[in-house]
Amino acid sequence: SSRVLWTLAVTQLQFMSAHLHPMLNVAIKAARAAGAIINRAALDVESVRVAAKQTNDFVTEVDKAAEEIIIETLLEAYPDHGIWAEESGRREGTGAGKRHMWRP
């Protein structure tokens, strides 16, 4: 049945997550938090504010909020790592060359 398949899938994901590298688990946590922000905004797209950065290059408040939660989650786990982000730019870390880069 679909309930059995769903239970097996969830169990498999929990097993996989428990055996992943800690950095990957933090990245997944950050992505899920950002995804929740994006999904909530998708429920009311008409109210999302958009700003032009350059010609044909736009940013929304949702982009900024998703990026911020990603940064917070990563720095909470790894405060000495650097961050290179599309909207907020670079934040050099004090760690041994560890850097997180993304474009939400």
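Above this text you will find the structure in question.
The structure reproduced in this document is the subject of the present report. (Residues numbered from 1 in each chain as written. Predicted model: local features only at pLDDT ≥ 70, side-chain atom pairs only at ≥ 80, totals over all residues. Heavy atoms only, no water.)

**A look at the overall build of the protein chain**
And step 1. For the protein chain, the count of helices and strands is three helices and five strands.
And step 2. Order of helices (α) and strands (β) in the protein chain, N terminus to C terminus: α-α-β-β-α-β-β-β.
And step 3. Counting over 104 residues, the protein chain shows a buried share of 20%.
And step 4. Entry remark: accessible area of the protein chain is about 7700 Å², with carbon and sulfur atoms responsible for 58%. (Helix = DSSP H or I, 4+ residues; strand = E, 2+ residues; numbered from the N terminus. Buried < 20%, exposed > 50% of the residue type's maximum accessible area, 1.4 Å probe, protein only. Areas by Shrake-Rupley, 256 points an atom, 1.4 Å probe, with all protein chains shown as cover.)

**Remarks on the pattern of salt bridges**
And step 1. Here the structure, examined in full by the defined rule, presents two salt bridges.
And step 2. The closest approach of N and O atoms between Arg-49 and Glu-61, which form a salt bridge, is 2.5 Å. One end of the pair, Arg-49, is in the loop between α2 (22-42) and β1 (50-54); the other, Glu-61, is in helix α3 (residues 61-77), and 12 residues separate them in sequence.
And step 3. Under the relative-accessibility criterion, Arg-49 is labelled exposed at 61%.
And step 4. Glu-61 sits in the partly exposed class, given a relative accessible area of 29%. (Salt bridge = Lys/Arg side-chain N within 4 Å of Asp/Glu carboxyl O.)

**A few points about the environment of Glu-72**
And step 1. By the element assignment, Glu-72 lies in helix α3.
And step 2. On a C-alpha basis, the gap between Glu-72 and Ala-30 in space is 8.3 Å, while along the polypeptide they are 42 residues apart.

**Some details on α2**
And step 1. Compared with the 30 Å implied by 1.5 Å per residue over 21 residues, the 30 Å span of α2 between its first and last C-alpha is a close match.
And step 2. Within the sequence span of α2, burial applies to Val-26, Ala-30, Ala-34, Ile-37 and Ala-41. Looking straight down α2, one finds its buried side chains confined to an arc of 60 degrees; they lie on one side. Every exposed residue of α2 that faces more than 90 degrees away from the buried side is listed here: Arg-32, Asn-39 and Arg-40.
And step 3. At its buried positions, α2 is contacted by α3. (Expected span 1.5 Å × (residues − 1). Arc of directions from axis to C-beta. Contact = heavy atoms within 4.5 Å.)

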